[in-house]
Amino acid sequence: MVQKYQSPVRVYKHRFELVMAAYERRFPTCHLIPMFVASDVVEEETNEDGSITRVERRCALDVDAPRLLKRIAGVDYVYFIQKNILNRKERTLHIDSHNETFSNRVIISETCCYSVHPENEDWTCFEQTASLDIKSFFGFETTVEKIAMKQYATSIKKGKEIIEFYLKELQDEGITHVPRWTPSSFPASVPRPTSLFTSPAVLPELVATPAVSIPLPTDAKDITCPDIKQDDSLAEILLGTPEDKLDADYIKRYLGDLTPLQESCLIRLRKWLQETHKGKIPKDEHILRFLRARDFNMDKAREILCQSLTWRKQHQVDYLLETWVSPQVLQDYYTGGWHHHDRDGRPLYVLRLGQMDTKGLVRALGEESLLRHVLSINEEGLRRCEENTKVFGRPISCWTCLVDLEGLNMRHLWRPGVKALLRIIEVVEANYPETLGRLLILRAPRVFPVLWTLVSPFIDENTRKKFLIYAGNDYQGPGGLLDYIDKEIIPDFLAGECMCEVPEGGLVPKSMYRTAEELRLWTDTIYQSASVFKGAPHELLIEIIDASSVITWDFDMCKGDVVFNIYHSKRAPQPPRKDPLLPHGIPSPVGNNVQLIDRSWTLGQDYSMVESSLTCKEGESVQGSHITRWPGFYILQWKFHNMPACSATNLPRVDDVLATLQVSSHKCKVMYYTEVLGSEDFRTACWDVQSLGSMTSLESSHSGFSQLSAATTSSSQSQSSSMISR
């Protein structure tokens, strides 16, 4: 595979002729580059008027390679051929270099160009491209490639320092100006230093990187002439950049410190987009995010970037900030908003997720509107990053998010809400990579590991590493919020001094909900329907292989009242029976109704109750979970809610008889969804959560939901595992 490199445009704020005088001083050898041992002028030719000079050099390099590799190759030095064409009339210097050593095994080529800045003739531009193609090298191809890239990057970084050293040397000698070429100004002969080797022997060969061109580093300051005022403003940086090209100073100021190879990836991907993409070219910061998301793998970054650009065009995302009008329900009940910046200058977004009625928002808006709102937040985040970059004078490409989970409970596990959240995460991960600099999760309750188990698989590993989680008031201690946010801007609801204008949330009025027909589009895909009758509960079997698995449920009471129970049995129930008669000989009504517990079973012997009974009223939504103690068979039961009877009897009551005449009045309808989180997944999630912050209080034990949520109803045997939202 061919490795390619392309440098950004590096601008010397010196005239071309002075830069050329400095360039010539690095030959025949340069003490600033220890590996550059010597060089010989093989051929030199100047045309009649002296405007063009062609020079071919043979350069010897002492490569910093392992001794074993040198012994295997049988060499100590390597040779490169460098061909220069200096055009004094056009004021350009073109340099082509290639390796002479092992050219049948390794091909290294480099092209450099010095030229006059197109908009300022007193400045000089430098560009560089190179490629490395290792065909074979005694089985050490990967090692040679790493050595070559390392030394090549080092050479590039020192290149500008070298030119500036000789510019300073010229200045110390009183040479601050070299006149431009004219036909009459060129002397008949020009003295030139020759090689340090009078008769160089043909040395053994070893692959190396070309260090004979003049690349420029990213971290050095220019030495300007007295008559040129130096200014780091954006206007001057952009002025110093030729059209459609990136300037090294611009990269450092607005994109950050990049290695030469990272700069190359950015420039090549940007150039590829300019040549092939028909739509709007994304900003350099955005391209760089995709490269970082794929560890600067050009092919992978290009693939996901193109997919994202197509998505942005299809959904008109570029115009979202101008066209999106937030519905009033979001303005009133969406508990998130921008709030100043963190200590690093990153925009700070505050989300009070525990106070947000996610179910109400999804039912009132639908998934699409909620997604558009989140996208507008991300677009605003990009805009704020650009603004803060200018304000703070350093690159800021991501933001910090502070999530307060106080109030988080099982109602946040409402499955359409979780489904909407997962889709939002998927879209944001795909189209806004590397925009989250840090995520601070505060006041995480015991229910958080369950939510984390559901959500974390959809979050990129690099993103998860940016999470910091604090339980209770741990965020107020050492290593807490003050390490990342100035005291003056900590929100008031976190015991800070700064008023935060984020809405306080609350329950979305049901009058704002969409109709059932509109919601069916996204509820029918995951929910199942069941009917419950007097004397005929609906039961669902769940087999658990590993203890400590987590059973989660989410159901809505569409009609009637039920009692919800969870049972455990070591033996499997018989296949669901289809009994045409209810107790006392009452005909069984028609409906989606399954009964599993055999009438001959005895509670406490054949099966046992693992959670307290929970009465659920019509119109309520119930979300909950249970951490299993034992493997075996768990039965979720929805049972018709009977009014307390005055006395027990084996004879049918009047209500039972009337049920045969008016069955519909004793019919309940439940829409439910269940999911089992594997014990390994849940334990891993708990470990992840603990490793991300001060979450030792969230360690799970085998005692049901009581270990996950404080919002429970106590009983002598167990605690309720569900949260009811009305």
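The structure presented is a predicted model; accordingly, all values stated were derived computationally and were not measured.

Participant: Lay out the packing of aromatic side chains with the relevant residues and their values.
Facilitator: By the definition in use, this model includes 18 aromatic pairs. Residues Trp-553 and Phe-564 carry aromatic rings whose centres are separated by 5.3 Å and whose planes lie at 55° to one another, so their mutual orientation is tilted. Pair noted here: Trp-553 is in strand E16 (residues 550-559) and Phe-564 is in strand E17 (residues 562-569), with a separation of 11 residues, a long-range link. Judged by its relative accessible area of 0%, Trp-553 falls in the buried class. Aromatic ring contacts, followed pair by pair, group Tyr-23, Phe-27, Phe-36, Tyr-114 and Phe-126 into a single cluster. Geometry around Tyr-79 places Arg-58 over its ring, the cationic atom sitting 3.5 Å from the centre. Directly above the ring of Trp-272 sits Arg-302, whose terminal nitrogen or CZ lies 5.1 Å from the centroid.

Participant: An account of the environment of Cys-398 is needed here, citing residue identities and associated values.
Facilitator: Note that Cys-398 resides in the loop between helix H12 (367-392) and strand E11 (399-404). By relative accessible area, Cys-398 is classed as buried at 11%. As for Cys-398 and Gly-345, which are separated by 53 residues in sequence, their C-alpha atoms are 9.7 Å apart. Every residue in contact with Cys-398, bar those within four places of it in the chain, is listed here: Arg-346, Pro-347, Cys-385, Glu-434, Thr-435, Leu-436 and Gly-437.

Participant: How would you explain the pairing of strand E21 (residues 632-640) if you had to name every residue and give the values?
Facilitator: Counting buried positions over the nine residues of E21 gives eight, a clear majority of the element. Both strand E15 (residues 538-544) and E21 contribute to a ladder of seven bridges, which runs antiparallel. Opposite Glu-543, over in E21, you have Phe-633 as the bridge partner.

Participant: Can you explain the confidence of the model for the protein chain? Please cite residues and give values.
Facilitator: Across the protein chain, the average pLDDT comes to 79, with 74% of residues at or above 70. Confidence drops under a pLDDT of 50 for residues 583-590, and excluding neighbours within four residues, the segment shows 21 contacts in the predicted structure.

Participant: Let's hear about the pattern of salt bridges: which residues, and what values?
Facilitator: Applying the stated criterion across every chain yields a total of 31 salt bridges. A salt bridge links Asp-556 to Lys-359; the nearest nitrogen and oxygen atoms lie 3.6 Å apart. Here Asp-556 is found in strand E16, whereas its partner Lys-359 is found in helix H11 (residues 358-365), with 197 residues between them in sequence. Just as Asp-556 is buried, Lys-359 falls in that class too.

Definitions and cut-offs
Residues numbered from 1 in each chain as written. Predicted model: local features only at pLDDT ≥ 70, side-chain atom pairs only at ≥ 80, totals over all residues. Heavy atoms only, no water. Phe/Tyr/Trp six-rings, centres within 6.5 Å; stacked < 30°, edge-to-face > 60°. Helix = DSSP H or I, 4+ residues; strand = E, 2+ residues; numbered from the N terminus. Buried < 20%, exposed > 50% of the residue type's maximum accessible area, 1.4 Å probe, protein only. Lys NZ or Arg CZ within 6 Å of the ring centre and 35° of its normal. Contact = heavy atoms within 4.5 Å. Pairing = 2+ DSSP bridges. pLDDT = per-residue confidence, 0-100. Salt bridge = Lys/Arg side-chain N within 4 Å of Asp/Glu carboxyl O.

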